[in-house]
Amino acid sequence: MPGDTPTNDPRNTVIAAKSGAALSLEEGETLRVIDVEGHQVADLVCFNAHDCAECLSAAKTRLNAFNARISTGDRLFSNRSRVMLTIGEDTVGVHDLLFASCNGWLYEHVFHQPGRTGCLEIFRDTLAAYLIEQDAVPDPFNLFMKTRMDDSGGLAIE
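Since the model is a prediction, treat every value here as computed from it, not as a measurement. (Residues numbered from 1 in each chain as written. Predicted model: local features only at pLDDT ≥ 70, side-chain atom pairs only at ≥ 80, totals over all residues. Heavy atoms only, no water.)

**Digging into the nonpolar core**
One recurring pattern in soluble globular proteins: nonpolar side chains tend to sit buried together. Within the largest apolar cluster, 10 residues are counted, these being L44, C46, L56, A58, I70, L76, I87, L97, F141 and L143. Excluding residues within four positions of it along the chain, A58 makes contact with L97, D139 and P140. With nine residues, the next largest nonpolar core counts A22, L120, I132 and V137 among its residues. (Core = buried A, V, L, I, M, F, W, Y, C linked by side-chain atoms within 4.5 Å. Buried < 20%, exposed > 50% of the residue type's maximum accessible area, 1.4 Å probe, protein only. Contact = heavy atoms within 4.5 Å.)

**Topic: the packing of aromatic side chains**
Note on aromatic pairs: each is described by the distance of the centres and the angle between the planes. With the rule as written, the count across this model stands at one aromatic pair. Where Y107 meets F111, the ring centres are 5.8 Å apart and the plane angle is 50°; that geometry is what we call tilted. Accessibility expressed as a relative area gives 40% for F111, which makes it partly exposed. (Phe/Tyr/Trp six-rings, centres within 6.5 Å; stacked < 30°, edge-to-face > 60°.)

**Observations concerning the sheet that holds strand β1 (residues 42–44)**
Overall, antiparallel pairing links the three strands, which are arranged β1-β7-β6 in an open sheet. Two strands bound the open sheet, and with one partner strand each, they are β1 and β6 (95–96). Here β1 pairs with strand β7 (residues 141–143) via three bridges, running antiparallel. Bridge pairing links D43 to N142 in β7. (Pairing = 2+ DSSP bridges. Helix = DSSP H or I, 4+ residues; strand = E, 2+ residues; numbered from the N terminus.)

**Quick notes on the side chain of N103**
Relative to the assigned elements, N103 resides in the loop between β6 and α2 (104–109). At 2.9 Å, the side chain of N103 forms a polar contact with the backbone nitrogen of L106. The residues touching N103, leaving out its near neighbours within four places in the chain, are G118, L120 and E121. (Polar contact = N/O pair within 3.5 Å; in protein donor to acceptor, adjacent residues only side chain to side chain.)

Here it is in structure tokens:
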């Protein structure tokens, strides 16, 4: 249920809003992400459990798909152009591969909300147990986040 304490069981983990969890998946396992309460973006990053220098790459995913929008059947690639995840089913169809994780600097200097932290700091804190430092956190696959680029190259979050 919403607000429950996250567990390390990838088969049944509820992650409260504005928090994070690290899960280990074996090849062939399914990760199902559900926005329980609605209107929540889920930033997803992935690392190779045997070599944390290999991680999800939004840029390689866009390049290999030759698209900034991915959905059912599309694959998420690592910085070494290896498949990390394949989207088996997508009932939403709108996700983002353009934006980096929100972070304290963005909230303070762009949104004028000093003292607020974001997903980057959540990743930093969650991944510290795996000795992954903040600078090594890749740009995420932002599930349930609708973005667009206008004709002049401006980015918008819808």
